[in-house]
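The residues making up each chain are set out below.
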Amino acid sequence: MTRSLAPTELVIRHAGIKDAAQLADLAARTFHDTFAADNDPHLMAVHMARSYNPDAQRAEITNPAMRTLLCEIGGCPGAYAQLRPLSVDTPPCVIGSEPCEIMRFYVDRPWIGRGVAQRLMDAANDEGRSLGAQTIWLGVWEFNPRAIAFYKKCGFTLVGDHDFLFADVVQTDLVMSRPL
């Protein structure tokens, strides 16, 4: 049986510029672990090179239109969430007021099933509220049943779908939302 983490073992904080390289490594690893088995290796490499390099992460961390929450476990990065408050890209199916997007939400494989995801989701909800959001939404790949089940457990409901550009291929993400 896997034990849950004690509150003192886990710290969730805003990422800073000094975290860019570690965040890029965590982001690439978690994206690869989540999607590599179901996607073309070339497309994976293209998408990861574009999205999960230190320069890209540095730009996202310093972007005033984004917030990056980094979850450290025993002082090492173990999960992260990136939010876009009041996103201009909110799909029309998200009808709640003052929407905030959870753009990315990933937990490193050793921490799945140990309470990390729920603590990070609670922090993402709190962050959204602190930014004035009244609705939180996300896109989740239609072929990611584990994530869909987790989001449902967190109170998200399916409200539609939208396109996700993966390398040069359009995939379908389900859109889920909930009031804050």
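Please refer to the structure higher up on the page.
Residues numbered from 1 in each chain as written. Predicted model: local features only at pLDDT ≥ 70, side-chain atom pairs only at ≥ 80, totals over all residues. Heavy atoms only, no water.

A. Looking closely at the overall build of the chain. A tally of helices and strands in the chain yields five helices and seven strands. The order of helices and strands in the chain, counted from the N terminus, is β-α-α-α-β-β-β-α-β-α-β-β. Since a compact globule built from 180 residues should have a radius of gyration of about 16 Å, the 15 Å found for the chain is in line with a globular shape. Along the first, second and third principal axes, the C-alpha atoms of the chain reach 40 × 40 × 35 Å. Classification of the 180 residues of the chain by burial places 48% in the buried group. The long-range fraction of contacts in the chain, counting pairs at least 24 apart against all pairs at least 6 apart in sequence, stands at 67%. Taken as a whole, the chain presents about 9000 Å² of accessible surface, with 56% of it coming from carbon and sulfur. With 17 positive and 21 negative side-chain charges, the chain shows a separation of 7 Å between the mean positions of the two kinds. (Helix = DSSP H or I, 4+ residues; strand = E, 2+ residues; numbered from the N terminus. Rg over C-alpha atoms; globule rule 2.2 N^0.38 Å. Buried < 20%, exposed > 50% of the residue type's maximum accessible area, 1.4 Å probe, protein only. Contact = heavy atoms within 4.5 Å. Areas by Shrake-Rupley, 256 points an atom, 1.4 Å probe, with all protein chains shown as cover. Lys, Arg positive; Asp, Glu negative; His and termini not counted. Charge placed at Lys NZ, Arg CZ, Asp CG, Glu CD.)

B. Representation of the sheet that holds strand β5 (residues 135-141) within the structure. Strand order across the open sheet formed by seven strands is β1-β2-β3-β4-β5-β7-β6, with mixed pairing between neighbours. In the strand order of this sheet, the two ends are held by β1 (10-14) and β6 (157-166), each with one partner. Strand after strand, the sheet turns through a mean of 25° between neighbouring axes, direction not considered. Here β6 runs beside strand β7 (residues 169-179); their pairing, made up of nine bridges, is antiparallel. What sits directly across from D163, in β7, is T172. Helix α1 (residues 20-35) contacts β2 (67-73), β3 (76-85), β4 (99-107), β5 and β6 of the sheet and is inclined by roughly 90° relative to β3. Strands in contact with helix α4 (residues 116-130) are β1, β2, β3, β4, β5 and β7; relative to β4, the strand with the most contacts, it is inclined by about 155°. (Pairing = 2+ DSSP bridges. Axes fitted to C-alpha atoms, helices over the stretch in contact; angles between N-to-C directions.)

C. Region of interest: the state of the cysteines. Scanning all chains against the criterion turns up zero disulfides. Take C71: it sits in no disulfide, and the sulfur closest to it among the cysteines is that of C76, at 11 Å. Accessibility expressed as a relative area gives 0% for C71, which makes it buried. (Disulfide = S-S within 2.5 Å.)

D. Highlighting α4. Taking 1.5 Å as the rise per residue, α4 with 15 residues should run 21 Å; its terminal C-alpha atoms sit 21 Å apart, in good agreement. The set of residues buried in α4 consists of V116, A117, L120, M121, A123, A124, N125, E127 and G128. (Expected span 1.5 Å × (residues − 1).)

E. How the structure looks around unusual backbone geometry. One non-glycine residue, E98, adopts positive backbone phi at about 45°. Along the chain, the position of E98 falls in the loop between β3 and β4. Residue class for E98 comes out partly exposed when judged on its relative accessible area of 39%. Non-glycine residue A167 carries a positive phi angle of around 60°. Tracing the sequence through the fold places A167 in the loop between β6 and β7. The class of A167 is buried, set by a relative accessible area of 2%.

F. View of the pattern of salt bridges. What the rule picks out here adds up to eleven salt bridges. A salt bridge links R13 to E72, with the shortest nitrogen-to-oxygen separation between them at 2.9 Å. In this pair, R13 sits in strand β1 while E72 sits in strand β2, placing the two residues 59 residues apart along the sequence. Across the pair D55 and R58 runs a salt bridge whose closest N-O atoms are separated by 2.7 Å. Taken together, the residues D55 and R58, both in helix α3 (residues 54-62) and three residues apart, mark about one turn of the helix. Since its relative accessible area comes to 56%, D55 is described here as exposed. Overall, R58 belongs to the partly exposed group, its relative accessible area being 31%. Overlapping salt bridges, with partners in common, bring together R13, K18, D19 and E72 in one network. (Salt bridge = Lys/Arg side-chain N within 4 Å of Asp/Glu carboxyl O.)

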